[in-house]
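Here are the chains, one letter per residue:
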Amino acid sequence: PIANTDFNLWKVMYIKRIKGNLFYDCALGETDEHRTWYRSAGAELIFEWHPVSNKFIALNTAFRASRCFDTHEMKYDVALVVQ
């Protein structure tokens, strides 16, 4: 974890923890005619929180940014996971 916050926002949202991840992905695709590498790296920031300060419902919201080295493309994603 980056921080164990214990932060309450007007009893609408209780933010319990902030986590982070760094990642690198590498794959090789082959056909009869050519070979292609797929390589990317990025970072992810994850907020673990409880809606309306309900300790029985835990949600994780992740914000991810990744860069594909082969196509020079940036990609941004948001994910919501219910625990």
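Residues numbered from 1 in each chain as written. Predicted model: local features only at pLDDT ≥ 70, side-chain atom pairs only at ≥ 80, totals over all residues. Heavy atoms only, no water.

A. Layout of the sheet that holds strand β4 (residues 59–68). The five strands lie next to each other as β1-β2-β3-β4-β5, forming an open sheet whose pairing is antiparallel. Each edge of the open sheet carries a strand with a single partner, namely β1 (3–9) and β5 (73–82). Strand-to-strand twist of the sheet, defined as the mean angle between neighbouring strand axes without regard to direction, takes the value 25°. Pairing of β1 with strand β2 (residues 13–30), which is carried by five bridges, proceeds in the antiparallel orientation. Residue pairing across strands places Asn-8 opposite Tyr-14, the latter belonging to β2. (Pairing = 2+ DSSP bridges. Helix = DSSP H or I, 4+ residues; strand = E, 2+ residues; numbered from the N terminus. Axes fitted to C-alpha atoms, helices over the stretch in contact; angles between N-to-C directions.)

B. Region of the structure containing the pairing of β4. Sheet analysis places strand β3 (residues 35–51) next to β4, joined by ten bridges and oriented antiparallel. Note that in β4 the partner of Glu-44 across the bridge is Arg-64. Looking at chain direction, β4 and β5 are connected through ten bridges and run antiparallel. When the bridges of β5 are listed, Cys-68 appears paired with Glu-73. A loop of four residues connects β4 with β5, the two strands running antiparallel in sequence, and His-72 in this loop sits at a positive phi of about 60°.

It is worth stressing that arrangement in space is one thing and function is another; only the former is reported here.
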